[in-house]
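# A look at the structure
Single-letter residue listing:
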Amino acid sequence: MTETAPDPGASAPAPAGTPLTCPVCGAAVEPGQAFCESCGSALASSGVTNAVDAGLTAVEQDAPIELTRPTSTAGPAPAEVLVPASRCLACGSEVGQDGYCTVCGTKAPIPRDHYVEQPASWVAAVCDRGVKHHRNEDATAIDAQQEPGSRAVLVVCDGVSTSTDSDIASLAAARRARDVLVALRPTGLPNPASRAGAVADALESAVAQANEAVLAATPEGGPDAAACTFAAAVVEGDLVVFGNVGDSRVYWLPDPGGSGMGAEPTELSLDDSMAQARIAMGVDRVTAENGPQAHAITKWLGRDAPDIVPRTGSVLLGHPGWVLVCSDGLWNYCSEAAGLGELVTSLSGATASPLELGEALVRWANGQGGRDNVSVALARH
Amino acid sequence: MAEFSATVYQNEFLPEGGTDVNAIVTITCTNAGAAGRTGSGDAGEIIIVDTSGSMGRTRMEAAKQAADAALDQIADGTWFAVVAGTHQAYLAYPPVRSGPGMVVMDANHRFQAHQAVQQFRADGGTAMGQWLTLAGRLFESVGGPNGGGLTKRHAILLTDGENHNERPDQLSAAIASVVGRFQCDCRGVGVDWQVAEVRRIAQALLGTVDIVGEPSELRAEFAGLMQASMARGIAAADLRVWTPQGAQLLFVRQVSPSVEDLTARRTEVNALTGAYPTGSWGDESRDYHVAVRLPAKTLGQEQLAARVQLAVGPDVVAQSLVKAKWSDDEGLTTRINPEVAHYTGQTELADAIQEGLAAKASGDEATATTRLGRAVQLAAATQNAEATTRLRKVVDIDDPETGTVRLRRDVEKADEMALDTASTKTTRIRS
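Residues numbered from 1 in each chain as written. Chains lettered and ligands numbered in written order. Predicted model: local features only at pLDDT ≥ 70, side-chain atom pairs only at ≥ 80, totals over all residues. Heavy atoms only, no water.

The subject of this paragraph is the overall build of chain B. Scanning chain B from terminus to terminus reveals 11 helices and 20 strands. For 431 residues, the compact-globule estimate of 2.2 N^0.38 gives 22 Å, and the C-alpha radius of gyration of chain B, at 23 Å, lies within 12% of that figure. Split into buried and exposed, the 431 residues of chain B put 52% on the buried side. As displayed, chain B has an accessible area near 18100 Å², and 48% of this comes from carbon and sulfur atoms. (Helix = DSSP H or I, 4+ residues; strand = E, 2+ residues; numbered from the N terminus. Rg over C-alpha atoms; globule rule 2.2 N^0.38 Å. Buried < 20%, exposed > 50% of the residue type's maximum accessible area, 1.4 Å probe, protein only. Areas by Shrake-Rupley, 256 points an atom, 1.4 Å probe, with all protein chains shown as cover.)

Here's what the structure looks like:
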């Protein structure tokens, strides 16, 4: 699909001798660099193909079903800029011009290390570096229509930390997948089962496209090819279609007090991991998830990916609650759906703001030690 | 237009559980301009001369020459006055009984001021508090064309004796009443004045203190002081230190060109920021040592420990950031910052000299020997050759490395006083 991309040589090269800076965060960048090292933004003036632009055209050509294309995603909108935190993550006070909190002095992270997305009041994502890691290799990319409960796309990708460009890979993958899932919106399918099938097909396309985005965004060669996981949920009214590659997860967390089908917190996705393989062999979850190589994943996106077909599924939601897509930075500290449901209930309290809940979940995970990057994407049902 | 810059020297890495952050901040001013000539207001200078009976004929003549030399350095257009001090304070020039007690320097006033100085007669006692009070009133009496008054106010004070005609609490009250109203450089001539007493005035009024051993040296000293003051185009600036909520600001010190503890001079800008007056600025560099205690954070965390700024009026003209990063890398956390170490040593040197001399004066030779020995050790370690030279005049040094010294029996009083007044002068680090 990359052959539809503009010839790299056609891009105007930067004038020699001029120091290049990222238009988003102002960090110094090298000529020919595709993405900013600091904030991960795509560098339009670099000699490298803009992956998102090139991909969208291809999706339309390959589209297996009828499409509608919301105007809000007609290309990499300015909303793609990672928004730096204006409030201190530690105390909520104002961040000064010098990049430190004006009250507690905590260093404000660069946008790539902590960013939030909220395309609509009922949908939000928070992506955070965590405490222990030096870089945020997680990425989120989400989209939603304004009408609460209408349509939302939640994508989380977790970069595999043994490779150098996983932060670039995960962001490229998440954004591409999100764009594909927004573009491939089935219409004229009133039957939920048919729609679920169409969206599941779209998820397969999205993963394939995301994989292409990883390849386009990261260099070839070297022993450690950039790689990342993939987890996504598409919410259409009561229907949730989900898919994953690797160990990022999709949960359904209904508000407590309901009964019947879908009234219990549920882990919808199934990890592609050594731990999950052991669980399948009968080892209990706690033992399996804390055993040797528990975090080794058996599927991923990237140049050396063995298999990029996602495991997909769908459910119909009959209760109010939260659809949560997250990386292991969160579920490491609360793997069981029931426990996660209780956590969400206690953190969401009276407010039903997905952004506040997302920030609260990230704070909670960091409070537990923040051993890994933390990503949460939430849609309120 | 004056330009300011700030540079920070520190080891920002703290070990696990580490709480204390030390930093040296160098603030440099260039293009300061001339006093009263930068459009930010008028400058005023007052020359205060001790005319007590103890001055005698020789010192009185030297003091007159010194006052003349200082008058010659005051630029035309600068407000000025001359005060003669005994157990009372007299306005020697201008000869006015009401209205502003200062005049604007021109050829005529300069000539008449010289004439007035020639009338000085050594007679009466010493009450420096009164001199300061009068100087304060004179500065206040100038309304300025817009009623704004003088923005830069500086005085030179010369004394030769102890403050016999005032109780210490009277002097303290007088000093307190003029703090922040003008700066004052103080000089003592001869050996009959008290270094601690005069230092108290100079420190409170953001000035310097020194001994002028020989009356003949007074003239050059006063000319130099006035020349330096005329070159300070920035009338006043504050050092501002922000520390995060929950932090403890352990101290704020000027450490170069001399050691001055500013900690207690804090006025609040806001709950997290204190302002410390630094007086007027010419083209110069000053170093400040800031120490902050933070609640320890987890390894890998980074935070700001202090924002150190210089503010001219409401404007922050320079800022540097003091940081803290918790790390488990011992190679980083155990590194000693040379600037911090150097000035920590120089500060202790000043304390050791002052304590040693005080002990010696009170007859406690054991303490005097220990403290002056420590001073010798520190002076050697921080390569402060001037301090070593001055210390040699007071102690015989057996071993500078261990600080083994013997008190000398044949000490000149002037040498001891010179060691005392110069104790706070620091050397810059040699890299």
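Back to the write-up after that little detour.
Moving on, we come to the confidence of the model for chain B. Averaged over chain B, the pLDDT score is 94; the fraction of residues at 70 or greater is 98%. The ipTM value of the predicted complex is 0.80, and its pTM value is 0.74. (pLDDT = per-residue confidence, 0-100.)

With that settled, consider a negative patch on the surface. Negative charge collects at one region of the surface, where B:E16, B:D328, B:D329 and B:E330 lie side by side. We classify B:D328 as exposed; its relative accessible area is 63%. (Patch = residues over 30% accessible without salt bridge, like charges linked within 9 Å, V, L, I, M, F, W, Y side chains within 5 Å. Salt bridge = Lys/Arg side-chain N within 4 Å of Asp/Glu carboxyl O. Lys, Arg positive; Asp, Glu negative; His and termini not counted. Charge placed at Lys NZ, Arg CZ, Asp CG, Glu CD.)

Inspection of the entire model under this criterion finds 4 aromatic pairs over all chains. Ring centres of B:F139 and B:F182 lie 5.1 Å apart, and the angle between their planes is 35°; on these two criteria the pair is classed as tilted. With B:F139 in helix α3 (residues 128-140) and B:F182 in the loop between α4 (168-178) and β9 (183-189), this residue pair connects regions lying 43 residues apart in the sequence. Taken individually, B:F139 and B:F182 each receive the classification buried, so the pair is uniform in this respect. Its end group placed over the ring of A:W322, A:R380 keeps NZ or CZ at 5.0 Å from the ring centre. Its end group placed over the ring of B:W242, B:R307 keeps NZ or CZ at 4.5 Å from the ring centre. (Phe/Tyr/Trp six-rings, centres within 6.5 Å; stacked < 30°, edge-to-face > 60°. Lys NZ or Arg CZ within 6 Å of the ring centre and 35° of its normal.)

All names here are of chain B. One open sheet accounts for 5 strands, arranged β1-β3-β16-β12-β13; its pairing is antiparallel. Edge positions in the open sheet fall to β1 (3-10) and β13 (260-261), since each of these has one partner strand only. Two elements, strand β12 (residues 248-256) and β13, share 2 bridges in a ladder whose sense is antiparallel. Among the inter-strand pairings, R253 is bridged to a residue of β13, identified as D261. Sheet strands touched by helix α8 (residues 338-361): β1, β3 (20-30), β12 and β16 (284-293). Its angle to β3, the strand with the most contacts, is close to 90°. (Pairing = 2+ DSSP bridges. Contact = heavy atoms within 4.5 Å. Axes fitted to C-alpha atoms, helices over the stretch in contact; angles between N-to-C directions.)

Glancing now at the pattern of salt bridges. When their charged atoms lie close together, side chains carrying opposite charge are able to pair. For the coordinates displayed, the defined rule picks out 42 salt bridges over all chains. For A:E267, the salt bridge is made with A:R249, and the minimal N-O distance between the two is 3.2 Å. In this pair, A:E267 is assigned in strand β11 (residues 266-267) and A:R249 in strand β10 (residues 249-254), connecting sequence segments 18 residues apart. In this structure A:E267 comes out as buried when scored by relative accessible area, which is 16%. The exposure class of A:R249 is buried, given its relative accessible area of 0%. Measuring nitrogen to oxygen at the nearest pair gives 2.7 Å for the salt bridge that ties B:R374 to B:E348. Note that B:R374 is positioned in helix α9 (residues 365-381) and B:E348 in helix α8, a separation of 26 residues in sequence.

Turning our attention to the packing of α8(B) against α9(B). All names here are of chain B. Between α8 and α9, the least distance of the axes is 8 Å, while the angle of their chain directions is 155°. As judged from the angle between their axes, α8 and α9 are roughly antiparallel. As for how α8 packs across α9, the hand of that crossing is left-handed. In this structure, α8 uses G345, E348, L349, D351, A352, I353, E355, G356, L357, A359 and K360 to contact α9, whose residues at the interface are T367, A368, R371, L372, R374, A375, L378 and A379. The residue inventory of the contact of α8 with α9, partitioned by class, reads 10 nonpolar, 3 polar and 6 charged. (Parallel < 35°, antiparallel > 145°, perpendicular 65-115°, else oblique. Left-handed = near helix turned anticlockwise from the far one by under 90°. Nonpolar A, V, L, I, M, F, W, Y, C, P; charged D, E, K, R; others polar.)

So, on to the sheet that holds strand β17 (residues 302-312) of chain B. Residues and elements named next belong to chain B. The strand order across the open sheet built from 6 strands is β2-β18-β17-β11-β15-β14, with neighbouring strands paired in mixed fashion. The strands lining the two open edges of the sheet, one partner per strand, are β2 (13-14) and β14 (267-270). Two elements, strand β11 (residues 238-242) and strand β15 (residues 273-277), share 5 bridges in a ladder whose sense is antiparallel. Within β15, the position partnered with V241 by the bridge is G274.

Each side of the interface is counted separately: chain B has 14 residues, and chain A has 11 residues. For the chain B and chain A pair, buried surface summed over both sides reaches about 1000 Å², with 43% attributable to carbon and sulfur atoms. Across the contact surface, chain B and chain A share 2 salt bridges. For the interface between chain B and chain A, the tally reads 10 residue pairs in polar contact (both at pLDDT 80 or more). Elements represented by at least two residues in the side of chain B that touches chain A include exactly β17 and β18 (315-326) of chain B. Top element by residues in the side of chain B that touches chain A is β17(B). It accounts for 4 residues. (Buried area = accessible area lost by both parts, 1.4 Å probe. Polar contact = N/O pair within 3.5 Å; in protein donor to acceptor, adjacent residues only side chain to side chain.)

With that settled, consider the nonpolar core. If you look at the biggest cluster of nonpolar residues, it comprises 35 residues, and the most contacted ones within it are A:V155, A:C157, A:A173, A:L181, A:F230, A:V241 and A:L301. Going through the elements one at a time, β5 (138-144), β6 (151-158), α2 (166-183), α3 (192-217), β8 (230-236) and β9 (239-245) of chain A are the ones with two or more residues in this core. In terms of residue count, the dominant contributor to this core is α3(A) (9 residues). Not counting residues within four places of it along the chain, the set of residues in contact with A:F230 comprises A:V155, A:V156, A:C157, A:A177, A:L203, A:V207, A:G243, A:N244, A:V245 and A:L301. If you look at the next biggest cluster of nonpolar residues, it comprises 32 residues, including B:I48, B:M128, B:L132 and B:I211. (Core = buried A, V, L, I, M, F, W, Y, C linked by side-chain atoms within 4.5 Å.)

Let us look at the state of the cysteines. All names here are of chain A. In this structure the tally under the stated criterion is 0 disulfides over all chains. The cysteine C127 is free of any disulfide, with C157 supplying the nearest cysteine sulfur at 10.0 Å. Cysteine C326 remains unbridged, with the sulfur of C334 as its closest cysteine sulfur at 9.6 Å. (Disulfide = S-S within 2.5 Å.)

Quick look at the side chain of B:D185 now. All names here are of chain B. Along the polypeptide, D185 turns up in strand β9. Buried within the structure, D185 lacks any salt-bridge partner; R232 is the closest side chain of opposite charge, at an N-O distance of 4.5 Å. If we ignore the near neighbours within four places in the chain, the residues touching D185 are H154, A155, I156, L157, G207, T208 and L225.

Here we come to α9(B). All names here are of chain B. Here α9 spans 24 Å end to end across 17 residues, near enough to the 24 Å set by a 1.5 Å rise per residue. Within the sequence span of α9, burial applies to A368, L372, G373, A375, V376, L378 and A379. Contact partners of the buried residues in α9: α8, α10 (385-392), β19 (395-399) and β20 (404-407). Just beyond α9, the residue with positive phi is Q383, at close to 55°. (Expected span 1.5 Å × (residues − 1).)

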